[in-house]
Structure formats: C-alpha cells, structure tokens
Amino acid sequence: MPDQARRSVLAPRRGTGRSLLLTVPMAVFTLLLFTPSLRQPGAAAKLAALLAWTFMIALFFLMMRTGQTYRWRRIFFVALGFLFPIGFVWDLIALRSSMSIPMERMISGDTPFCFMVIPMTLIPAALTKTIIFPGSILPTPSNPHSIAMMVALWLLATVILGKAWCSYGCFFGGLDEGFSSIAKKARLPKINPKWRMAPWAILVAIVLLSAATFEPVYCMWLCPFKTVTEFPQVRSFETALQFGIFITLFLGLVVVLPFLTKRRTQCAFFCPFGAFQSIFSRTSIFDVRIDKEKCGAGCLLCRNSCPTLAIDQDAIRAGKPLSTCMRCGACVDVCRKDAAVWHIKGTPVGVKPEQARLLYLYAAWVFATMFGGSIIANSLHKLIGLIV
Amino acid sequence: MKRLTAFLAYTVAVLTIAVAVVGPLVWFGVFSRAAAKTSLRIDSTYTGGEPARVISRQGYEIVVYKPVRKHTPLATTGSFVQMVWKPASALPPAISEPVDLDGDGQPDCVVSFQAPRDPKAKLRVTVKPLTALVQPMNEVGKESFSSLIARVNDTIVVRVPLR
C-alpha cells in the first residue's frame, strides 16, 4: 500500500465498547473450534494454543476498531506463511531426521497431501479413478494430512472464501506477502499486466502434462515451496536438478521479486493453484465492487495498491476487480472516496458496505482461525518447547 | 424483487458464517467417510499394484504383485513388478532365490540382497533374469519407482523393471 495514499490505520472507526461487542461472537465461535488445541496435553501446547487464539482475536478486534482490513489480515497471513514451515519441518525432522522424502515414505503412502496437487489429479482420477500422488486417501497415524482431509478443507474454503483462500487460507502466500512488505518503495514499480496470464498458462500446461505422464508435474519440477517444506531425496542428477529449480524459483519469485516490486509476484504471476482458484471466485457470496459514481476513475490508488494487479482501468470501468481478486482488502482500505467497497452479491453496491464487510470477516476469520490459527499454534508449540 | 434478492443474499451470507463455524466440526468426518466408500485409490506407481500370489518360505513369505504397466507413452516410470519379503525381521542375513513372477510355475529371475538387522542399513539388490520378462539389476538401491529395494516397516520391497 503506497505510504502517501494510506489512511491512518490507527484512526478508530468505532469505539472500544462496540468493537469488543463485535469481537465477542468471533471469540466464542473460534473458541469452539480451538477447544481441541486447548485440550492438548502439556503446558507448552496449551500456552501455544492460547497465544494463537489471542493473536487472532486481537487482530479481529483491531479490524473492528479501525475499520481497516488489509493491514491486520496481512499480519496474520505473514505470520502463517513464516510459521508454517517451522512447524512442518520440525515434524519432518522429528519423524525422519530430514526434510527430504525418502522413497520408502512415498511407496508406503506417507507423503502429506498439498492442495496445490488438486488440479493435476482431476483428469487421471476421472479417467482411471486413481490419484497420482504418493499419499493416502484417509488419514493414518503416520500421515494425518491425507488426500480426503485436504480436499475436504479446500471444498469448505472454496464455499466460504472462493478466491479469498489466497488471502486467508494458503499457508504459502504469506511468505510472498511478507517479502513484498519489507521495502518502503518499489524498485521495479512497473510490471507488464500480460504477466497476469502466466499462471493460467502454467495451470493448463501442468494439468495436461500431468494427465499425459500420470505424474504430478508441478510438484516434481516447479513448486517453489518445496524449498521450505519437503522434497524428494537428492540421489541422482535429475533430483539434484529438481532441487535446484525449486530453490531458484523460491528465491526469485517469493523473495527477490516481491521485495523489488512490492507485489505478490509468485501468487500473481506464477501460482497455477491461484489461477485454478480464480475459477471458483464466484462461489463465495462476498466480493469487492467499485462504485463507479463515487469513483471518477481519477486517482487509481486501488490499482496501485493491489498486490496482484487484479484492478486495472477496465476493471474500474466495469465496477469490479478481475476474477484474480484475492479479497485482501488493500483497495478498499486505500480508497479515499469509499468507492471500492465490500459487497454481498445480490445486494446494491455501496449500500451498507460495512455490514457486508462484517459478515465477510466473520466467515473468513472463523475459517482463518480454525485453519491458520491451528497451524500457528502448532509452530508456536515447537518454539515454546525450545525455550521452556 | 430487488428486496427479495437482497434478503436471500443476506441469508446466504449468514449461512456462510454458519458453515464456517459448524463445517469443521461435521464436514471432515462426513467427507472422509464418503471418500472411503468411493473406488478411488492411490496410483499403482506408488502402491506397487495389487497382490497376485504369496510364496511361502521357511519363516517368511514373498508377496508377488501383479505387473504395473507404464501408464502412458510419456510416463517416466516404466513397467515393473513388485515383490515384498515379510517379515523383514525373520529373514536370513542373505537372500538369493528364484522367484516366479507370472505364476506359470517357472522362475523368472533370481533376486539377491543382504537383509541386515539394522533397519537403517542401506540395501542393494541384484536381479538376474531367467526369462525375457524382466530386466537385469546390478546392486541397485532406490533408483526409481520401477527399480528399487527399500525397507518399509517390517518388510523389504523390491521392484523389478519389466521388458
């Protein structure tokens, strides 16, 4: 978000009492979902769960108090992005003393399933009823991250969030967003909008190649996040080449380019799952609209603030961002004319936008706390265990 | 009409919140049970396919699986047959035995490997073909999904590439 265009995010929109009142239902809903985490044995686990829950509720309170969404959501999302690898890798090291996946784990179905694989599995599953992934359909003691669990989670998130999965659910996107937030000014401010088509091209390519080879091509060759999770054991030139590609893509797309451009470059210009999820941007009842009468299309603050170039002048004229909009809230928070607003489909644009925002945040934040919050709690548990 | 649409929209919005709260408590179990009832399975490249026959030996057995064929012309994993020796803890220190892969009563290859007690010890397998069915393997470890020896829990898995 450009410094000169940013409103004072600390200027209260509503009083403390009202903000607390609005936070109470969120606290109650999320406490219900967090109860299993709070009941875990051990003081460290309980403390970690309590810290994570408090963190999420505090951020929600600040969203209510300031009327701003983007800044507080970003704090959660970046925390999720950086803490997830800590907990995940910790568990891997505890289980097998290594981040690499040995062949034994793959042929015994012990590879955790990742949502990124979903698009690649569809055609082979439709043709042969087989899943081209070395995991397990149902959870097992050695692999709780089963295919059924991750697909169920993705379906739930798609109904609730649609494309907002990329702002509230994806445990990789926070890395991108974190590095894009470091520099005060973009060193590469101009990006050719044609790069927005790249994720679609990659999606089509990997879906077709995966169907042609019956192998999850993206996981084997292109996923930058293998660098911070797990990767096939390097035992040949081929696996060494794969690892080299993972590291190069991670450093380039997740670290360097977001730092230079202040955009979520991996998410906007590479991630095929993001493109896939754009197909489902219509499933959520919530979206962002631009009230053309209020806008005037003059300042372009919304376009300049969008981390994924989902707003351009055509989108402003059309009154809504592109289907790649991640519902992060940057454009709404930066708009000085209250033209960019939260919206519930089927209702008039610009009428009671704060109501739309509240309903959206109740749904999105409950999901974020259930999923992302529990991941944060798991990682905090590991870190607290180091100290205590 | 506009009022009705707006009413329905707000109703769906509120229901979305209900789904977000109640969904995790109910949905995962429901979906898992539904997934278990489908005929979906993990691809045979990873599972090794289905068991075909069991060869009994003294103190252990060899499970021979059905051949897994190369799935598509562009697939990088070739055809193979999986054999599983179990339990690994009951195996003699060295194995060298003929195995009938296609159930015609004639051995198709001789499989040889050391079976150390240490589960972390590296394994190497040598396969000498006796028929045109299989390809030879010489001191192979974990080369690929179609050519490997690996210890999985208390079993030793060998995959032999087919011609």
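These figures come from a predicted structure and were not determined experimentally. (Residues numbered from 1 in each chain as written. Chains lettered and ligands numbered in written order. Predicted model: local features only at pLDDT ≥ 70, side-chain atom pairs only at ≥ 80, totals over all residues.)

A.B. asks: Which parts of the structure should I look at to understand the interface of chain A and chain B?
C.D. replies: Note: interface size is frequently given as the accessible area lost on complex formation between the parts. Contacts between the two partners involve 41 residues from chain A, matched on the other side by 39 residues from chain B. Going through the elements one at a time, α1 (16-38), α4 (103-107), β2 (130-131), α6 (147-161), α9 (198-213) and α18 (353-387) of chain A are the ones with two or more residues in the side of chain A that touches chain B. Of the residues assigned to the side of chain A that touches chain B, the class counts are 28 nonpolar, 8 polar and 5 charged. Sheet topology places β2(A) next to strand β1 (residues 41-42) of chain B; 2 bridges connect them, and they run parallel. Looking at the pairing, A:Thr130 lines up with B:Arg41 of β1(B). (Contact = placed C-beta atoms within 7 Å. Helix = DSSP H or I, 4+ residues; strand = E, 2+ residues; numbered from the N terminus. Nonpolar A, V, L, I, M, F, W, Y, C, P; charged D, E, K, R; others polar. Pairing = 2+ DSSP bridges.)

A.B. asks: What should I look at first to understand the domain arrangement of chain A in this one?
C.D. replies: All names here are of chain A. As assigned here, chain A comprises domain 1 (1-96 + 353-388), domain 2 (99-280) and domain 3 (285-351). The straight-line distance from the C-alpha centre of domain 1 to that of domain 3 is 25 Å. Residue-level contacts link 14 residues of domain 1 with 15 residues of domain 3. When contributions to the side of domain 1 that touches domain 3 are tallied by element, the ones reaching two or more residues are α3 (70-96) and α18. (Domains from an automatic or database assignment.)

A.B. asks: Teacher, can you tell me more about the domain arrangement of chain B here?
C.D. replies: Taken domain by domain, chain B comprises domain 1 (1-40) and domain 2 (48-161). Distance between the C-alpha centres of domain 1 of chain B and domain 2 of chain B: 47 Å.

A.B. asks: Would you mind showing me how to read unusual backbone geometry here?
C.D. replies: Excluding glycine, residues mostly have negative phi values, and the peptide bonds linking residues are mostly trans. Each neighbour pair has its own omega, and for B:Lys86 with B:Pro87 the value is -5°, a cis peptide bond. Of note in this structure, A:Asp338 is not a glycine but carries a positive phi near 55°. Judged by local crowding, A:Asp338 falls into the partly exposed class, with 13 C-beta atoms found within 10 Å. Non-glycine residue B:Asn153 carries a positive phi angle of around 50°. Along the polypeptide, B:Asn153 turns up in the loop between β10 (147-152) and β11 (155-161). (Buried ≥ 20, exposed ≤ 12 C-beta atoms within 10 Å, placed from the backbone.)

A.B. asks: I would appreciate a short explanation of the sheet that holds strand β4 (residues 80-86) of chain B in the present structure.
C.D. replies: Backbone-to-backbone hydrogen bonds pair the strands of a sheet. The strands run either parallel or antiparallel. Residue and element names in this part refer to chain B. Read across the open sheet, the 6 strands follow the order β2-β3-β4-β11-β10-β9; overall the sheet is antiparallel. Either end of the sheet is taken by a strand with one partner, and the two such strands are β2 (51-56) and β9 (142-144). Within the sheet, the average angular offset between the axes of one strand and its neighbour, ignoring direction, is 25°. Examined bridge by bridge, β4 and β11 share 6 bridges and lie antiparallel to one another. By the bridge assignment for β11, Met 83 is matched with Val 158. (Axes fitted to C-alpha atoms, helices over the stretch in contact; angles between N-to-C directions.)

A.B. asks: Is there a simple way to explain the nonpolar core in this structure?
C.D. replies: A general feature of soluble globular proteins is that nonpolar side chains tend to end up buried together. Residues and elements named next belong to chain A. Grouped together as the largest cluster of nonpolar side chains are 153 residues, with contacts concentrated most on Cys 331, Ala 340, Ala 363, Ala 364, Val 366 and Phe 367. Element by element, the count of residues in this core is highest for α18, at 16 residues. What Cys 331 contacts, discounting residues up to four positions off in sequence, is Val 288, Cys 302, Ser 305, Cys 306, Ile 311 and Ala 340. (Core = buried A, V, L, I, M, F, W, Y, C linked by C-beta atoms within 7 Å.)

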